[in-house]
Amino acid sequence: MKRATPLKNLNFELACFQRRLKIGGLFVFLLALGLLTRSFYLQVVQHEYYIQRAESNRTSLVPTAPNRGLIVDRQGRTLAENYSAYTVEITRAEMASLEQTLIELGKLIEVTPGQLRRFRRLLSESHEFETVPLKSKLTDEEVAILAANHYRLPGVEVKARLFRNYQAGPGMAHVVGFIGRINDRDLKTLRENGREQNYKGSVHIGKTGLEQHYEALLHGRTGFDQMETDASGRAVRMLSRIPPVPGKDLRLHLDLELQAVAEHAFGNYLGGLVALDPRTGGVLALVSKPGFDPNLFVDGIDPETWKSLNESPDRPMVNRALRGIYPPGSTIKPFMAMAGLELGLRKPGDTIADPGFFSLPNSSHQFRDWKKGGHGMVDLRRSIAQSCDVYYYRLAVDMGIDRMHDYLAKFGFGEKTGIDLEGESAGLLPSREWKKRRWNKVWYPGETVIAGIGQGYHLSTPLQLAVATAMLANGGTRIEPRLVEAVRDPVTHVWQPQAKAAQQTATFDPANMAVVREGMMDVMRPGGTAAAAAAGARYTFAGKTGTAQVVGIKQGARYDAGQLSRKNRDHALFMAFAPVENPRIVIAVIVENGEHGSSTAAPIARAVFDYYLTGKRPGTMKLEANDATE
Amino acid sequence: MPRNSHWILRRLSHVDGILLALVVMLLGISLAVVVSASGQSPGRISGHLINMGLALAVMVVMANVPPHLLSKVGPPLYVAGVVLLIGVALFGEIRNGSRRWLNLGVMAFQPSELLKLALPLMLAWYFQRNETVLRAKHYVFGGVLLLVPFLLILRQPDLGTAMMIGASGFYLLFFAGLPWKVILGGGVISAASLPLVWGLMHDYQQRRVLTLLDPSADPLGDGYHIIQSTIAIGSGGLFGKGWMQGTQSQLDFIPERTTDFIFAVFGEEFGYLGTILLVALYLAIVVRGLTIAAHAPTLFGRLMAATLSLNLFTYAFVNMGMVSGILPVVGVPLPLMSYGGTALVTLLLGVGILMSVATHRQLNKS
C-alpha cells in the first residue's frame, strides 16, 4: 500500500523531527541537571566532609618511638640499656613467594635454624602486612650485602632498631625482667587502658619484672611527625613535628654485687633469697635460682629454647622469691612467740617440760619433736634458740587457730607484700573460716598443733618471710618492699627519689619483742641451731632456721635423707637480721631440698650479711659482680 | 563564497565559528588541567598539543566534506567494521580478560571504535535512502543494523562501548521517527529483563555496579577510584583549590587523572563554579548541534547532526557521572578534555561533520 504524496509526508516528518529535537534537547538538559545536582551535593553540601577526607589522605602521622629508660643498680651499674642494631625484616604481603625469598636470603647471609624457627613463630602470630624480623644484630658486611641485593628482594628491608641489652645476666632476670614484641594480648590491654596511641611506633613492651611493672615510666612518650604523603604513602615533606619524650631511668635499691654474692653463695642449690633494708623496705637483693638469659626474649624467643626453659624441671621461669610458696616451718616460731607473749598466754620465764612429743587430750597420736627425746625444760628464749617443737605445739593449742590466724596476719602472712613487681603470690594463712570456705570441712585440733610449727596448710613466699622478719627488726613497721629507689627525668637529668610506700605500724610491747630478739640471737650463739653459721661474725645476728617438709613422714617413721631422692628432700629456710642493735638488713632465704636451715640456708645469709655489713666477699668468689653473671 | 579567495580561506569558510569557539575553550581548559594533572610533564603537554592540532586539522577537513559524499562512506565503513568485529571474535587478542583487540601487525586496533561513527553514518544513509517510503520494516531493519555490532561488542565483553554504540544507534532511530509505542514498549521490556541481564553479566561487571552502590565496601579495590575521585571533587568546594593546588590530584590519589578521571582533577581545582562552566560548555555545543540539525537541508544531515550532538553529551554525562560516583566505572573518556589522541580525533571528526552539515546548505545535486 502506497502512502500519501511524499512531499506532504516530508513536511509532516520535518515537524515530527523538530519535535523530537526538542525532546532530545530536554533529555540532555535533564542529564546536565543531574550532573550539576550531584556536583552540588559533593562540592557544596558535603564539602566539609570531603575536605576532611582529603586532608587525612594527604597527611599522615609517622610515629617516632621514644628511647626506653635505663635501669641501674644503687651504684649506677647498668642492668638494662638500649643499643641500636640493624635488623633484616620481612613483610610477607610484599613478596611473591616467602620460601623463595628465604632461600635467596639464606644464600646472602647466614640464618641459623633457631632464627628461622623464631621467625616462623612470629610470622604465624602476625598479619600478612606486618613486618617481622628474621635476624637482628647484623654485621656491617651483612648490611652491605643486603643493601646491594635490595632491588631483587621485595618485602625485605634492613632497618635500624633499638634493642634492649640485659648485661647483668641470668641472675637479674627475675628482677629486671625483659621486654618482648608487642603481641595481640598486649595490644588489647593497651587499648583498654587507652594507651594504644602511645605505642604506635613501638615494637617492644615490658613483659615481666621491672620492665613490666614500670612500663609506663620506662616507655616514654611517642613523638609524631606529621608528613605530607602521596597516594603510595611516600613522605613528600614534613609539616610539623612533636618530638618523642624518652622514658624515665630507674635506679634500684638493689646492689648488683650483693646480688652476685648471694647467687654465688647458693652454689648449685635452687631457691630464693630476699634481702631488705628494714628501715625503708628497699630490696637489696632478690635472688631466684636458677635464672635465665632475658636477652633471649627481646626479639622473640625461638620455640625450642622456650620449650626447654618452660618445661625444665628446675623451673627457671618461676620467680621463687615472689611466687615460690613454701611452708614456713620453724621460721614461724618467733612470730608464734610474739603472739604468745602479746596475747598473755606465755611469760618469758614460763617453762615447759619437753618429753620429745606432744599429744592432744584424749588422743594417743604423738606429735614428735624434731629432737628425739626432747629438749627437757624449755623457756621462750630456749624454744627459739633450739627450735623446740613441743613448746609451740602447746602454745598453738592454747592459742587456737583463730587467734593464731589473726595474729600472724599482722605480720603480713597470707597477704601480698605489695612489692613493685607483678605476679606476687599471697601465700596462704589458714583459718577455720578458710577451710570451711575452701574445702567445706571443719577444722581439726590436730591441724592447729602442726600449724604451731609452720607446717600444714600455711604457705608463704620468701618475700613475705622477709617482710615479717623486718617487722621484728624495726620494731613493728610493716613495709612495702620497693625495688626502685629513684627515677630520673631524661630531660632534667635529676634523680627524683621515689615516694616511700605506705607503711603500717603494729604496736608491740617492746619488752616482748626484746625477748623474742634475744631468742633469735641465741639461735646464732653456741647452743643455737645456727651457731655454726654465725661463727666469727663481727656484728650481732638474730635469726631463725626452718625446715619445710616436701613429703609427709608417716607416723612412727623417721626422716632419712639418704633414702629420699634429692627432689624429695626437705627445703631449708633461714631468716635473720643484723646488726641487732640497729638492723640494716633483713634476709629470708629458702634453699630447695637443702634439708637443714642451719647447714645450707644460714651460710648463704651469712655470706650476704658479711658482704653488706663488712664488705667481705666469700673466699671462693674472686671476681667482679659482672663476671659472675657474664 | 568568493571564488577567487585563497584555497585555505575557502576551506576555513566551512568552519562553524560558534562550534570552533566552544571547542577551543574546552581544549584550552583541557590543556590547563592536563598540565596540572600530569605534574607539568613536558611529554604529556606536547603530546596533548600535537593531538589537538591533529584533531583540529581533521575537523577542518571533515567540515569540507559535503554531507552527500560523507553519506556514501556509511555502508562500506559499517560493513568493514562489522567484519572486523567478527574477526575480533574469531582471532582477537585477549587483554585484561576481554577480546577487544585486533592485531594488525603494526598496531593493535579496536574495531569497536570504528563503529562509533560507522553505525550512525550507516543508519543515516539508510534512512536518507528510504526517506520517501519510510515504513515499519525500515525501522526493523535499522534495529537489526544496530543490534549486530551491539551484540558483537557486548560479547567481547565490553559493556561500556556496547552501551555507547547502542545509544548512538538509538538516538538516530529516535530522530528518524521511531514510533513512541516501540520506544516505550522497548523500555518496559528492558526494565523487565534487568534481572536476566544481571544474571548474564560477568563477575567484574556486577562488581562494578555493586561498587557504585557502596564504594566503601571495598575501599582498596574497586571502590578506590570512586572514593578518591569523589573526595577530590567534593573537597574542591565552590571555588576549587586553585590550579595545580589540588592535593588529591598532585599527590597521586586520583588514578588515570589525565585521561578518564580528568574531571576529578578539574572539579578539585576549579570547584563547583568550574563544573557549572564545563557543563554549560557541553550544553552549548549540544544546543548549537541541535540548531544545526534543525536547519539541515537533508535527512542525513539532520539525523547525523542531532545524533552526534546527543552522543557527545552522553559521553560527557557518562564520564562525569562515573567520576562523581553516580554511574559504574566504564572506560569512557571525557570528550575534548581527556588526554588521548584517538578519542580526540574521533570527537573532532564528529564536530567536523556537524560543521559540514551546517555549512553545506544546498540540496544534493543528483
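Right above here is the structure, for reference.
Residues numbered from 1 in each chain as written. Chains lettered and ligands numbered in written order. Predicted model: local features only at pLDDT ≥ 70, side-chain atom pairs only at ≥ 80, totals over all residues. Heavy atoms only, no water.

(A) Here's a closer look at the overall build of chain B. For chain B, the count of helices and strands is 15 helices and 3 strands. Taken over 366 residues, chain B has a buried fraction of 54%. Counting contacts in chain B only where the partners sit at least 6 residues apart, residues at least 24 apart contribute 70% of the total. With the model as given, the accessible surface of chain B reaches about 15600 Å², and the carbon-plus-sulfur share is 69%. (Helix = DSSP H or I, 4+ residues; strand = E, 2+ residues; numbered from the N terminus. Buried < 20%, exposed > 50% of the residue type's maximum accessible area, 1.4 Å probe, protein only. Contact = heavy atoms within 4.5 Å. Areas by Shrake-Rupley, 256 points an atom, 1.4 Å probe, with all protein chains shown as cover.)

(B) The overall build of chain A, seen in detail. Along the backbone of chain A there are 23 helices and 23 strands. Here the analysis covers contacts within chain A between residues at least 6 apart in sequence; of these, 74% occur between residues at least 24 apart. Split by element, the accessible area of chain A, about 28800 Å² in all, is 53% carbon and sulfur.

(C) Up close: the environment of V182 of chain B. Relative to the helices and strands, V182 of chain B is located in helix α8 (residues 180-192). Taking the C-alpha atoms as reference, V182 of chain B lies 10.0 Å from Y139 of chain B; in sequence the two are 43 residues apart.

(D) Region of interest: a nonpolar patch on the surface. Nonpolar side chains collect at one region of the surface, where F40, Y41, V44 and V45 of chain A together with L238, F239, L273 and I276 of chain B lie side by side and expose about 700 Å² of accessible area between them. Broken down by secondary-structure element, the contributors of at least two residues to the nonpolar patch are α1 (6-45) of chain A together with α13 (262-295) of chain B. Broken down by element, the residue count for the nonpolar patch peaks at 4 residues, all from α1 of chain A. Within the secondary structure layout, L273 of chain B lies in helix α13. Given the relative accessible area of 43%, L273 of chain B is considered partly exposed. (Patch = residues over 30% accessible without salt bridge, like charges linked within 9 Å, V, L, I, M, F, W, Y side chains within 5 Å. Salt bridge = Lys/Arg side-chain N within 4 Å of Asp/Glu carboxyl O.)

(E) Expanded view of unusual backbone geometry. Residue and element names in this part refer to chain A. Note that the residue after K289, namely P290, is joined by a cis bond; omega there is -5 degrees. The topology assignment puts P290 in the loop between β12 (283-289) and α11 (295-298). The step from A578 to P579 runs through a cis peptide bond, and the omega angle for that step is -20 degrees. With respect to the helices, strands and loops of the structure, P579 is situated in the loop between β22 (571-578) and β23 (585-591). The backbone of H493 shows a phi angle near 60 degrees, a positive value even though the residue is not glycine. Residue position: H493 is located in the loop between β18 (484-488) and β19 (495-497). Using a relative accessible area of 53% as the deciding quantity, one classes H493 as exposed.

(F) Structural detail: the packing of helix α2 (residues 17-37) of chain B against helix α15 (residues 341-359) of chain B. Residue and element names in this part refer to chain B. Taken N-terminus to C-terminus, the directions of α2 and α15 make an angle of 165 degrees; their axes are 11 Å apart at the nearest point. Classed by the angle they form, the pair α2 and α15 counts as roughly antiparallel. Crossing geometry of α2 relative to α15 is assigned as right-handed. Here L19, L20, V23 and L27 of α2 lie close against α15, whose contacting residues are L344, L348, V351, L354 and M355. (Axes fitted to C-alpha atoms, helices over the stretch in contact; angles between N-to-C directions. Parallel < 35°, antiparallel > 145°, perpendicular 65-115°, else oblique. Left-handed = near helix turned anticlockwise from the far one by under 90°.)

(G) Summary view of the sheet that holds strand β11 (residues 271-276) of chain A. Residues and elements named next belong to chain A. Reading across the sheet, the 5 strands line up as β12-β11-β23-β22-β21 and stay open at both edges, with antiparallel pairing between neighbours. Both edges of this open sheet fall to β12 and β21 (542-548), since each of them pairs with a single strand only. Put simply, the sheet's adjacent strands are angled 5 degrees from each other on average, direction ignored. Taken together, the 7 bridges between β21 and β22 define a ladder with antiparallel strand orientation. Residue pairing in the sheet places T547 in a bridge with A572 of β22. Relative to the sheet, helix α20 (residues 510-524) contacts β21 and β22, its axis offset from that of β21 by approximately 75 degrees. (Pairing = 2+ DSSP bridges.)

(H) Summary view of the packing of aromatic side chains. Here the structure, examined in full by the defined rule, presents 30 aromatic pairs over all chains. Where F40 of chain A meets Y272 of chain B, the ring centres are 5.5 Å apart and the plane angle is 65 degrees; that geometry is what we call edge-to-face. Here F40 of chain A, found in helix α1, pairs with Y272 of chain B, found in helix α13, and the two come from separate chains. Owing to a relative accessible area of 38%, F40 of chain A belongs among the partly exposed residues under this scheme. Between W443 of chain A and Y457 of chain A, the ring centres sit 5.8 Å apart and the planes meet at 50 degrees, which makes this aromatic pair tilted. With W443 of chain A in the loop between α17 (432-439) and α18 (445-451) and Y457 of chain A in the loop between α18 and α19 (462-474), this pair connects stretches of sequence that are 14 residues apart. With a relative accessible area of 28%, Y457 of chain A lands in the partly exposed category. Within the aromatic cluster, the residues linked to one another by ring pairs are F17 and F27 of chain A together with F170, Y171, F174, F175 and W180 of chain B. (Phe/Tyr/Trp six-rings, centres within 6.5 Å; stacked < 30°, edge-to-face > 60°.)

(I) Molecular detail of the environment of I109 of chain A. Residues and elements named next belong to chain A. Relative to the assigned elements, I109 resides in the loop between α3 (98-108) and α4 (113-125). A residue is classified by how much of its surface remains accessible, and I109, at 3% relative accessible area, is buried. For the pair I109 and I145, spaced 36 residues apart in sequence, the C-alpha separation works out to 7.9 Å. Beyond its immediate sequence surroundings of up to four residues, I109 is in contact with V88, K135, L138, E142 and L146.

(J) Just the pairing of β22 of chain A, in detail. Residues and elements named next belong to chain A. Of all the 8 residues making up β22, 8 are buried; the element is thus mostly covered by neighbouring parts of the structure. Residues of β22 alternate between two faces, with H571, L573, M575 and F577 on one and A572, F574, A576 and A578 on the opposite face, all of them buried. With 7 bridges joining them, β22 and β23 adopt antiparallel strand pairing. Residue pairing across strands places A578 opposite I585, the latter belonging to β23. Between the antiparallel neighbours β22 and β23 lie 6 residues.

(K) Spotlight on the interface of chain B and chain A. Facing the 53 residues of chain B at the interface are 38 residues of chain A. A buried area of about 3900 Å², summed over both sides, lies between chain B and chain A, and 70% of it is on carbon and sulfur atoms. When the buried area of chain B at its contact with chain A is split by residue, I231, L251 and Y272 of chain B rank highest and sum to 15% of it. Inspection of the region where chain B meets chain A yields 0 salt bridges. (Buried area = accessible area lost by both parts, 1.4 Å probe.)

(L) Fine view of helix α16 (residues 389-410) of chain A. All names here are of chain A. Between its terminal C-alpha atoms α16 stretches only 23 Å, short of the 32 Å expected from 22 residues at 1.5 Å a residue. Along α16, the sharpest kink reaches roughly 95 degrees, centred on G400. The first or second residue beyond α16 is G412, which carries a positive phi of 95 degrees. (Expected span 1.5 Å × (residues − 1). Bend = angle between axes of the 7 residues up to and from the residue.)

(M) Main features of empty space enclosed by the protein. The tally for this structure, following the rule as stated, stands at 3 cavities of 30 Å³ or more. Roughly 100 Å³ of internal volume is contained in the largest cavity. If you go around the largest cavity, the residues you meet are L10, E13, L14, C16 and F17 of chain A together with E131, L134, F175, A176, G177, L299 and R302 of chain B. Sorting the residues of the lining of the largest cavity by element identifies α1 of chain A together with α14 (299-323) of chain B as the ones contributing at least two each. When residues in the lining of the largest cavity are grouped by element, the largest group, 5 residues, is from α1 of chain A. Grouping the constituent residues of the lining of the largest cavity by class yields 8 nonpolar, 1 polar and 3 charged. Space inside the second largest cavity adds up to approximately 50 Å³. Residue composition of the lining of the second largest cavity, by class: 9 nonpolar, 2 polar and no charged. (1 Å grid on protein atoms, 1.4 Å probe; cavity = no way out; pocket = protein on both sides within 12 Å on 5 of 7 lines; lining within 4 Å. Points joined across faces, edges and corners; volume = space filled by probe spheres on them. Nonpolar A, V, L, I, M, F, W, Y, C, P; charged D, E, K, R; others polar.)

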